[in-house]
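# Geometric and topological summary
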Amino acid sequence: MIELLKSQQEVSNATNLQLRLTVGRMSSSMKSMEVTISELRATIANLESLLQERDNSLSKAPLAPLQNSNYDGSFIAGIAQLRYLYSMPVERIVAYFNENGFDLDKQTAHGLLKKTADLFDNLYKAVKYFPSCPPAIIILTPYSRDIDPVIEECPRGSIW
């Protein structure tokens, strides 16, 4: 009977040793899994921050050219061109757009032109700090500096 108990104890010790080895291997693989999980969490956090930065840096739809205006910049530029370049009265501008299918009130056209004139006033204030330049706003081409020596003295830049 003692020999039977000794053999059972040896089997039990061998089983315990195998279990310890298995637990040791499992714990090392669990530790590597923990490291992998923590690396994944760090990577996910990094990706989330990059996505947030990208969302913040993406340009949003441009604001209306004039605050609280439903009119597009090209439409406003067309009205300003008719008024200031072709010296067309506002009544004729409104009639012209109404004839072509745009429902435009005279008061709206006056308001758009007034706000546009305010924008041009700010541009004029910025340009007048260069007294050596011609008083008119010039659209510079690559050949402008060869044609007019006064333009050579002007600061380099463009107005689009």
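These figures come from a predicted structure and were not determined experimentally.

Below, the discussion takes up the packing of helix H2 (residues 73-85) against helix H3 (residues 90-99). Viewed as axis vectors pointing N to C, H2 and H3 meet at an angle of 135 degrees, and their least axial separation amounts to 10 Å. On the basis of their axis angle, the class for H2 and H3 is oblique. Considering only the axes of H2 and H3, their crossing is right-handed. Contacts between H2 and H3 involve Phe 75, Ile 79, Leu 82 and Arg 83 from the former and Val 90, Ile 93, Tyr 96 and Phe 97 from the latter. Residue classes in the contact of H2 with H3 are distributed as 7 nonpolar, no polar and 1 charged.

Per the counting criterion, the structure on display carries 1 salt bridge. Glu 91 is the partner of Lys 106 in a salt bridge, and the nearest nitrogen-oxygen pair spans 2.8 Å. Note that Lys 106 is positioned in helix H4 (residues 106-127) and Glu 91 in helix H3, a separation of 15 residues in sequence. On the basis of relative accessibility, which here comes to 41%, the residue Lys 106 falls in the partly exposed class. For Glu 91, a relative accessible area of 44% gives the class partly exposed.

Turning our eyes to something else, we now look at H2. Its 13 residues place the ends of H2 17 Å apart at the C-alpha level, agreeing with the 18 Å of an ideal helix rising 1.5 Å per residue. Turning to H2, its buried residues are Phe 75, Ile 76, Ile 79, Ala 80 and Leu 82. Projected down its long axis, H2 carries its buried residues within an arc of 160 degrees, all on one side. In this structure, H2 carries Ser 74 and Leu 85 as exposed residues pointing more than 90 degrees from its buried face.

Among the surface-exposed residues, Met 26, Met 30, Met 33 and Ile 37 lie close enough to one another that they form a single nonpolar patch of about 390 Å² accessible area. As for its placement among the helices and strands, Met 26 is situated in helix H1 (residues 2-57). The partly exposed category is assigned to Met 26, whose relative accessible area is 49%.

This part covers unusual backbone geometry. In most cases, non-glycine residues show a negative phi, while peptide bonds are predominantly trans. Phi is positive for Ser 87, close to 50 degrees, though the residue is something other than glycine. Looking at the element boundaries, Ser 87 is found in the loop between H2 and H3.

Residues with a pLDDT of 70 or more make up 71% of the protein chain, whose mean pLDDT is 75. Across the protein chain, the secondary-structure element scoring lowest on mean pLDDT is helix H5 (residues 144-147), at 48, and the one scoring highest is H3, at 93. Ignoring residues within four places in sequence, the model shows residues 143-147, a span with pLDDT below 50, making 9 contacts including any to other chains.

On to the packing of aromatic side chains. Under the counting rule described, the total for this entry stands at 5 aromatic pairs. With centroids separated by 5.5 Å and ring planes inclined at 45 degrees, the aromatic side chains of Phe 75 and Phe 102 adopt a geometry described as tilted. Of this pair, Phe 75 sits in helix H2 while Phe 102 is found in the loop between H3 and H4, placing the two residues 27 residues apart along the sequence. Classification of Phe 75 as buried rests on a relative accessible area of 14%. Among the aromatic residues, ring-to-ring pairing joins Tyr 71, Phe 75, Tyr 96, Phe 97 and Phe 102 into one connected group.

Thresholds, definitions, all that
- Residues numbered from 1 in each chain as written.
- Predicted model: local features only at pLDDT ≥ 70, side-chain atom pairs only at ≥ 80, totals over all residues.
- Heavy atoms only, no water.
- Axes fitted to C-alpha atoms, helices over the stretch in contact; angles between N-to-C directions.
- Helix = DSSP H or I, 4+ residues; strand = E, 2+ residues; numbered from the N terminus.
- Parallel < 35°, antiparallel > 145°, perpendicular 65-115°, else oblique.
- Left-handed = near helix turned anticlockwise from the far one by under 90°.
- Contact = heavy atoms within 4.5 Å.
- Nonpolar A, V, L, I, M, F, W, Y, C, P; charged D, E, K, R; others polar.
- Salt bridge = Lys/Arg side-chain N within 4 Å of Asp/Glu carboxyl O.
- Buried < 20%, exposed > 50% of the residue type's maximum accessible area, 1.4 Å probe, protein only.
- Expected span 1.5 Å × (residues − 1).
- Arc of directions from axis to C-beta.
- Patch = residues over 30% accessible without salt bridge, like charges linked within 9 Å, V, L, I, M, F, W, Y side chains within 5 Å.
- Areas by Shrake-Rupley, 256 points an atom, 1.4 Å probe, with all protein chains shown as cover.
- pLDDT = per-residue confidence, 0-100.
- Phe/Tyr/Trp six-rings, centres within 6.5 Å; stacked < 30°, edge-to-face > 60°.

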